[in-house]
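# A look at the structure
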Amino acid sequence: MKSSHHFRDQLSVMTGWFDQWNNCEQTVALYSLFKKIEPGQARFLAQVLEQNIAHCMELQMLEQQANDPGTRIPPPLSSNSLT
């Protein structure tokens, strides 16, 4: 079994890479990782994502505007609005 320090170091490196990527690269990386997870892990992540999406006002506004093309689009919020 790997030590928790080793795992945290690896996770820190991966997080650093992730933060340097653009949205498209981040999406591709996440999709690649999601294809490798077990169903129980997928269920947990799906629930977390659904909760985050449900509370994201920016996403709700974008979806509403996509369904009503006459609506003006406000400037984007920070990327932290999904957390």
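Rules behind the numbers
Residues numbered from 1 in each chain as written. Predicted model: local features only at pLDDT ≥ 70, side-chain atom pairs only at ≥ 80, totals over all residues. Heavy atoms only, no water. UniProt positions renumbered as here; feature names shortened; annotations may be inferred. Phe/Tyr/Trp six-rings, centres within 6.5 Å; stacked < 30°, edge-to-face > 60°. Helix = DSSP H or I, 4+ residues; strand = E, 2+ residues; numbered from the N terminus. pLDDT = per-residue confidence, 0-100. Patch = residues over 30% accessible without salt bridge, like charges linked within 9 Å, V, L, I, M, F, W, Y side chains within 5 Å. Areas by Shrake-Rupley, 256 points an atom, 1.4 Å probe, with all protein chains shown as cover. Salt bridge = Lys/Arg side-chain N within 4 Å of Asp/Glu carboxyl O. Polar contact = N/O pair within 3.5 Å; in protein donor to acceptor, adjacent residues only side chain to side chain. Contact = heavy atoms within 4.5 Å.

By the naming in an unreviewed UniProt entry, the protein chain goes by Protein Smaug 1 and is assigned to Araneus ventricosus. For the record of the protein chain, the UniProt heading Subcellular location (unreviewed entry) holds the text "Cytoplasm".

Our focus in this paragraph is the packing of aromatic side chains. With the rule as written, the count across this model stands at one aromatic pair. Consider the rings of F18 and W21, whose centres lie 6.2 Å apart with planes at 65°: the pair is edge-to-face.

Let us now look at the UniProt feature "domain: RNA-binding protein vts1-like alpha-helical" (unreviewed entry) in the protein chain. The UniProt record marks residues 17–51 with the feature "domain: RNA-binding protein vts1-like alpha-helical" (unreviewed entry), using the residue numbering of this structure. Helix and strand shares over residues 17–51 are 83% and 0% respectively, and the end C-alpha atoms of the span are 26 Å apart.

On to the confidence of the model for the protein chain, then. Considering every residue of the protein chain, the mean pLDDT works out to 86; 82% of them sit at 70 or more. The least confident element of the protein chain, judged by mean pLDDT, is helix α4 (residues 57–67) at 85; the most confident is helix α2 (residues 23–34) at 96.

Another aspect to go through is a nonpolar patch on the surface. Together, V13, M14, W17, W21, L30, L33, F34, L49 and I53 make up a nonpolar patch on the protein surface, roughly 800 Å² of accessible area in all. When contributions to the nonpolar patch are tallied by element, the ones reaching two or more residues are α1 (4–20), α2 and α3 (39–54). By the element assignment, W17 lies in helix α1.

So, about the side chain of Q26. Following the sequence through the fold, Q26 ends up in helix α2. A polar contact is formed between the side chain of Q26 and the backbone oxygen of F18, at a distance of 2.9 Å. In this structure Q26 touches F18, D19 and W21, once residues within four positions along its chain are discounted.

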